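# Residue-level structure breakdown
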Amino acid sequence: MSNKQRVYVITGAASGIGLVTKQLLESRGHRVIGADLHNAEVIADLSTAPGRAALVNQVTSISGGAIDAVLAVAGVDINGPLTVAVNYYGAIATLEGLRPLMLTSDSPRAVAVSSITSVHPFNEQLLNAMLEGTETLALEKAAEEKFVYATSKRALSRWIRRNALKAEWAGANIPLNAIAPGLVKTELLQRLFDEPETRKRIIAGTPMPLGGPFEPSAAAELLAFLAGPENGHITGQSIFIDGGADVVIRGDATW
Ligand code: NAI
């Protein structure tokens, strides 16, 4: 496999999984354009249409219009519309908006960060609003419904599965995947763990027999593989990196 320097774009690059992935790829000699609300080369709020447009415009100008891979990592876990705006619509806008910049790459790749919560209980109406309706409708539903975070991640994994085989992706030789982590020791998890009841609920909901909650470097290694030239044939998948949580939750129902 060639050691050619590649250009990666990572959203959510100021913290947690995004930051550690950026550091890993840079340590391997690649160029990473990080995007985030702060502390990043590209400052863009992915919860809004102007912020999503700013991401595409700034990355186009900084990269000269050519990149090799997109990693849609930015996300939030707040029970409300912001979570849907960032985790689902922000991720899709990142993938779709930056896809044309990958067309001259000899090994273009796209990866998003879903979650083990994509197999947790979810809200069907909210899921349908995301997959079939409009963003306005989905944000309205997210203000009223429960399980917003889990539903946003289920919708993202399903979007990836539905889109990976299309002409824009498989037809353009772009593998499109997600990783679905269990509990990862980042600020996002720490904020939730600060509340003892929430901590108890999260640990019970995501049992991880193999090793328990882990450092973001493990997720970064998997992201780097899926976004690298080594991955030529995996597409449409959400790869669980969860210490066995998916096996506990879904058992024999899938493989
Ligand atoms: P983190 O909080 O450390 O990092 C998330 C980053 O996203 C932050 O730098 C934040 O500023 C950025 N971000 C948030 N809203 C944004 C917006 N509107 N526009 C641009 N950037 C925005 O959290 P972590 O854990 O590294 O999360 C990364 C991804 O991993 C998220 O998609 C999260 O849902 C997912 N995930 C995290 C798990 C965990 O246990 N930590 C488990 C499964 C998935």
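Structure shown above.
Residues numbered from 1 in each chain as written. Predicted model: local features only at pLDDT ≥ 70, side-chain atom pairs only at ≥ 80, totals over all residues. Heavy atoms only, no water.

### So, the overall build of the protein
Note the cut-off: Numbering of helices and strands runs from the N terminus, with a helix taken as a DSSP run of H or I at least four residues long and a strand as a DSSP run of E at least two residues long. This radius of gyration counts C-alpha atoms alone. The globule rule is 2.2 Å times how many residues there are, raised to the power 0.38. When a residue's accessible area, from a 1.4 Å probe over protein chains only, is under 20% of the maximum for its type it is buried; when over 50% it is exposed; and in between it is partly exposed.
Within the protein, the secondary structure is distributed over ten helices and seven strands. For 255 residues, the compact-globule formula gives about 18 Å, and the C-alpha radius of gyration of the protein, at 17 Å, lands near that figure. Principal-axis analysis of the C-alpha atoms places the extent of the protein at approximately 45 × 40 × 35 Å. Across the 255 residues in the protein, those meeting the buried criterion constitute 53%.

### Overview of the side chain of T151
We count it as follows: Any two residues whose heavy atoms approach within 4.5 Å at even a single point are treated as in contact.
By the element assignment, T151 lies in helix α6 (residues 148–163). When near neighbours in sequence (up to four residues on either side) are disregarded, T151 contacts F122, N123, L126, L127 and M130.

### Details of the site of the ligand
We apply this condition: Think of it this way: one heavy atom of a residue within 4 Å of a molecule or strand is enough to make that residue near it. Polar contact is the term for a pair of N or O atoms within 3.5 Å; when the atoms are in protein, one must be able to donate a hydrogen and the other to accept it, and sequence-neighboring residues count only if both atoms are side-chain atoms. In this classification, Asp, Glu, Lys and Arg are treated as charged, Ala, Val, Leu, Ile, Met, Phe, Trp, Tyr, Cys and Pro as nonpolar, and every other residue, Gly included, as polar.
Close to the ligand lie 30 residues, the nearest being S15, D36, Y149, V184 and T186. L46 is positioned such that a nitrogen or oxygen atom in its backbone is 2.9 Å from a nitrogen atom of the ligand. In this structure, an oxygen atom belonging to the ligand sits 2.8 Å away from a main-chain N or O atom of V184. A per-element tally of the shell around the ligand places helix α7 (residues 187–193) first, with three residues. A breakdown of the residues in the shell around the ligand according to their chemical character gives 15 nonpolar, ten polar and five charged.

### A word on the pairing of strand β2 (residues 31–36)
Defined as follows: Pairing between two strands requires that DSSP report at least two bridges joining them. If the strands point away from the viewer and the path from the first strand over the helix to the second runs clockwise, then the crossover is right-handed.
Burial runs high along β2: five of the six residues are buried. In this structure, strand β1 (residues 7–11) lies alongside β2, joined through five bridges in parallel fashion. Across the sheet, Y8 pairs through a bridge with V32, a residue of β2. After leaving β1, the chain enters helix α1 (residues 16–27) and then returns to the sheet as β2, a path that is right-handed.

### Considering helix α5 (residues 135–144)
Worth spelling out the cut-off: The arc in question is the one spanned by the directions pointing from the helix axis to the C-beta atoms.
Regarding α5, the residues found buried are A138, K141 and A142. Angularly, the buried residues of α5 cover 105 degrees about the axis, an arc narrow enough to put them on a single face. Along α5, the residues that are exposed and aim more than 90 degrees away from the buried face are T136, A143 and E144. The inward-facing, buried residues of α5 contact α3 (81–98), α4 (124–132) and α6.

### Side note on the sheet that holds strand β6 (residues 176–181)
Cut-off, in case you're wondering: To get an axis, fit a line to the C-alpha atoms, keeping to the stretch in contact for a helix; angles then go from 0 to 180 degrees between the N-to-C directions.
Spatial ordering of the open sheet is given by β3-β2-β1-β4-β5-β6-β7, a layout of seven strands whose pairing is parallel. The sheet terminates laterally at β3 (42–43) and β7 (238–241), the two strands that pair on one side only. Packing against the sheet, α1 makes contact with β1, β2, β4 (69–72) and β6, and its axis sits at approximately 165 degrees to β1. In the packing of helix α2 (residues 49–63) onto the sheet, contacts are made with β1, β2 and β3, and the angle to β2 comes to roughly 155 degrees.

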